[in-house]
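Below are the chains, spelled out letter by letter.
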Amino acid sequence: MNNERNNFRTKIGIIFATAGSAVGLGNLWRFPIETGNNGGGAFLMIYLIAIIFIGLPLMIAEFAIGRSTHANIATAYKKLSNNRFWNKIGYIGVFSATIITSYYLVVAGWTVFYLIEALSNGFSIEVTGGLEDAYTDIFSNFIANPFLSVIYTLIFILMTHLIIVKGVQKGIEKSSKIMMPMLFIIIMILAVCSIFTPGAKEGLTFLFKPNFNKITTASLLSAIGQCFYSLSLAMGCLCTYASYFKKDVNLIKTAFNISLIDTLIAILAGVIIFPAVFSVGINPEAGPSLIFITLPHVFQSVFGFSPVLVYIVSILFYVLLILATLTSAISLYEVMTAFISETYNISRNKATIIISITMVLLGSFCALSMGELNWIKICDRNIFDIFDFVSSNILLPITGMLICLFVGWKMDKDLLYKQITNKSRNTKDRHLTFQAILYYCIVFLLRYIIPIAIAIIFIDGLGII
Ligand code: PHE
C-alpha cells in the first residue's frame with residue numbers, strides 16, 4: 001500500500017501543533033519545580049540562555065532533517081547518509097519515543113483522574129489530620145490502586161489514538177488549533193486569579209528576582225536538561241513534525257516562535273503556582289508531588305472562602321494539564337506512527353492500532369510498577385523510574401549529541417544552508433546576509449558548544465561527577 005504523505009495545511013497550524021508538542025508537563029510541572037529548587041529568578045535567566053544557545057539551534061537542526069527528507073525519522077537519516085553508523089540515529093529516536101510515551105501516558109492518566117476528582121468536588125475534603133496528608137493519601141491510594149491507575153492510562157491512550165488515526169491535517173493540526181488557544185486562555189485566567197492571592201508579591205519576587213547564591217553547577221545542568229525536555233528535543237517529535245512542513249516555512253522563525261511560546265507558558269505556570277503556594281506558606285521546593293498533592297491543597301486553602309471558586313479553579317487547572325499533555329502525547333505517537341506505517345508500508349489506521357496495543361501493554365506495566373508490580377526493581381528503581389531514567393538521562397543526551405554531530409559535521413552543507421535560509425548557497429558571494437550569519441552561528445554551536453554541554457549533562461546525569 002502506498003501512503004500519501006500529508007503536510008500541515010497552514011503556518012499557524014504548524015505553530016500550534018509544534019508548540020503543542022513542546023508545551024506539556026515539562027512547563028506546568030517540571031519547570032516550577034526546577035525553578036523552586038534552584039533559586040527562582042537566577043535559574044530563569046540561565047534557562048533563557050540555554051534556550052537561546054542550545055535549544056534553538058538544536059530545534060532548527062531537527063527541523064532541517066525532517067523538512068529536507070519529508071520522511072519518518074528512521075528513513076530521514078538513511079536518506080541523508082549512507083554511512084551505516086549515522087543512519088541508525090533515527091532508530092534510537094523511535095526507541096526513545098516508545099519508552100518516553102509509555103510512562104508519559106501514565107502521568108497523563110493521572111491528570112484525567114484529577115480532573116474527574118475536581119469535577120466531582122473530590123478535593124473539598126473535611127480534614128481531620130493535616131490538610132496535606134489528606135491530599136497525599138488521595139495521590140498515593142490512586143497510584144497504588146492497580147485498577148484505577150491502569151484504567152486512566154488506557155483512557156488517555158484512547159484519546160491520543162482517536163486524534164492520531166485522523167491523520168496529520170484532520171487529527172493533529174485541527175485538534176491543536178482548538179486545544180492550544182484553549183490552553184492559552186485557561187492559563188491566563190489562572191495567572192490572573194493567582195496574582196490576586198495574598199502571597200502574590202512574595203511568589204513573584206521568588207520567581208523573578210535572581211538569587212545567584214543558589215546557583216551551582218547542578219543548577220546549570222538542570223537548566224540545560226529542562227531545556228531539552230521542555231522543547232521536546234532529541235525525541236524525534238520535532239523532526240517528524242517538520243517532515244510535514246511545506247517548503248516555504250521559515251525554520252528559524254518557526255523555531256523562535258515555538259521556543260517563545262514554550263518559555264512564556266512555563267513562566268506563566270510559575271506565575272500561577274508560586275503566588276498560590278506562598279499564600280499558604282508551603283516551601284516551594286515541594287518536589288514532584290507539587291501539582292498532584294500540593295496544588296489541590298493550595299487551591300482549597302487560598303480560595304476556600306468561595307467553594308465555587310475552588311471548584312472552578314481546580315477544574316480549569318486540570319483541564320489545562322490534560323490539554324498540555326494530550327498535545328505532547330500526540331507528537332510522541334506520531335513519531336511511532338510515521339515510522340511504522342512508512343517502514344512497513346501499512347495504513348495509518350493499522351499502524352496506530354499496533355502502537356496503541358503496544359502502549360496498552362507498556363503503559364499498564366509502568367502504571368502497575370508503582371503499586372502491584374512495585375517489587376520488580378532494577379538498581380533499586382521500579383519500571384516507571386527506569387523508563388524515566390533511561391530516556392532522560394541516557395537516550396536523550398545520546399540522541400541529542402548524535403544529532404548535533406551529524407548536522408554540524410556530516411550533513412551536506414548546501415542542503416543545510418538551503419533548509420535554514422530557504423535560499424541556495426552561493427559560496428562565491430562574499431557579502432554575508434543576516435541569514436547567512438545566523439547559519440554560521442548555528443553550525444558553530446552545533447559543532448562545538450552543544451556537544452560539550454550535552455557531554456557534561458550526560459556524565460553528570462549518570463552520577464559520574
Ligand atoms: N516537551 C514536553 C513537555 O514539556 C515533553 C515531551 C516529552 C513532549 C516527550 C514530547 C515528547 O512536557
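Preceding this paragraph is the structure being described.
Only a predicted model underlies this, so the values are computations on that prediction, with no experimental measurement involved. (Residues numbered from 1 in each chain as written. Predicted model: local features only at pLDDT ≥ 70, side-chain atom pairs only at ≥ 80, totals over all residues. Heavy atoms only, no water.)

A count of helical and extended segments in the protein chain gives 18 helices and zero strands. Judged by the C-alpha coordinates and their principal axes, the protein chain covers about 75 × 50 × 45 Å. For the protein chain, the residues scored as buried account for 57% of the 465 residues in total. When contacts within the protein chain are restricted to residue pairs at least 6 apart in sequence, long-range pairs at least 24 apart make up 80% of them. (Helix = DSSP H or I, 4+ residues; strand = E, 2+ residues; numbered from the N terminus. Buried < 20%, exposed > 50% of the residue type's maximum accessible area, 1.4 Å probe, protein only. Contact = heavy atoms within 4.5 Å.)

As a matter of local geometry, the ligand sits amid 16 residues, with Ala22, Leu25, Gly26, Tyr229 and Met235 nearest to it. One of the side-chain nitrogen or oxygen atoms of Asn27 is found 3.2 Å away from an oxygen atom of the ligand. Ser230 is positioned with one of its backbone polar atoms (N or O) 3.0 Å from a nitrogen atom of the ligand. A total of 320 Å² of accessible area belongs to the ligand in isolation, and the protein chains cover 100% of it. Elements supplying a minimum of two residues to the shell around the ligand: helix H1 (11-22), helix H2 (25-37), helix H5 (89-119), helix H10 (217-230) and helix H14 (307-343). Of the residues that constitute the shell around the ligand, the class distribution is eight nonpolar, eight polar and no charged. (Near = heavy atom within 4 Å. Polar contact = N/O pair within 3.5 Å; in protein donor to acceptor, adjacent residues only side chain to side chain. Areas by Shrake-Rupley, 256 points an atom, 1.4 Å probe, with all protein chains shown as cover. Nonpolar A, V, L, I, M, F, W, Y, C, P; charged D, E, K, R; others polar.)

Moving on, we come to the packing of aromatic side chains. Per the counting criterion, the structure on display carries 31 aromatic pairs. For the pair Trp409 and Tyr448, a centre-to-centre distance of 5.6 Å together with 85 degrees between the ring planes defines the contact as edge-to-face. Taken together, the residues span a long stretch of sequence, with Trp409 in helix H16 (residues 383-410) and Tyr448 in helix H18 (residues 434-461) at a distance of 39 residues. Here Tyr417 and Tyr439 contribute two aromatic rings whose centre-to-centre distance is 4.9 Å and whose plane-to-plane angle is 70 degrees, an arrangement assigned as edge-to-face. Here Tyr439 lies in helix H18 and Tyr417 lies in helix H17 (residues 413-421), a separation of 22 residues in the sequence. Exposure remark for Tyr417: the relative accessible area of 10% places this residue in the buried category. (Phe/Tyr/Trp six-rings, centres within 6.5 Å; stacked < 30°, edge-to-face > 60°.)

Okay, H14 next. In a regular helix each residue adds 1.5 Å, so 37 residues correspond to 54 Å; H14 covers 54 Å between its end C-alpha atoms and thus fits that length. Of all 37 residues in H14, 28 are buried; the element is thus mostly enclosed. Phi turns positive one or two residues past the end of H14, at Asn345, with a value near 55 degrees. (Expected span 1.5 Å × (residues − 1).)

Another point: helix H4 (residues 73-80). Residues of H4 that are buried: Ile73, Ala74, Ala76 and Tyr77. Viewed along the axis of H4, the buried residues span an arc of 165 degrees, placing them on a single side of the element. A side-chain oxygen of the first residue of H4 lies 3.1 Å from the backbone nitrogen of Ala74; this N-cap is Asn72. (Arc of directions from axis to C-beta.)

Contact geometry for helix H12 (residues 251-280) and helix H13 (residues 290-302): axes closest at 9 Å, N-to-C directions at 65 degrees. H12 and H13 meet at a crossing whose hand is left-handed. Touching Ile273, Ala276, Val277, Ser279 and Val280 of H12 are Leu290, Ile291, Leu295, His297, Val298, Ser301 and Val302, all from H13. Here the contact of H12 with H13 is built from residues that sort into nine nonpolar, three polar and no charged. (Axes fitted to C-alpha atoms, helices over the stretch in contact; angles between N-to-C directions. Left-handed = near helix turned anticlockwise from the far one by under 90°.)

Another aspect to go through is the state of the cysteines. Within this structure, the stated rule accounts for zero disulfides. Unpaired in terms of disulfides, Cys404 finds its nearest cysteine sulfur in Cys227, a separation of 11 Å. Taking the relative accessible area as the measure of exposure, Cys404 reaches 0% and is therefore buried. In this model Cys441 remains outside any disulfide bridge; the closest cysteine sulfur is found in Cys404, 15 Å from its own. Among the residues examined, Cys441 registers a relative accessible area of 41% and is labelled partly exposed. (Disulfide = S-S within 2.5 Å.)

The biggest cluster of nonpolar side chains holds 167 residues, and the ones touching the most others in it are Phe8, Phe63, Ile65, Trp110, Phe317, Ile403 and Val407. Of the residues forming this core, the biggest block, 20 residues, is contributed by H14. Residues in contact with Phe8, not counting those within four places in the same chain, are Ile14, Ala17, Val168, Gln169, Ile172, Glu173, Tyr241, Tyr244, Phe245 and Lys246. (Core = buried A, V, L, I, M, F, W, Y, C linked by side-chain atoms within 4.5 Å.)

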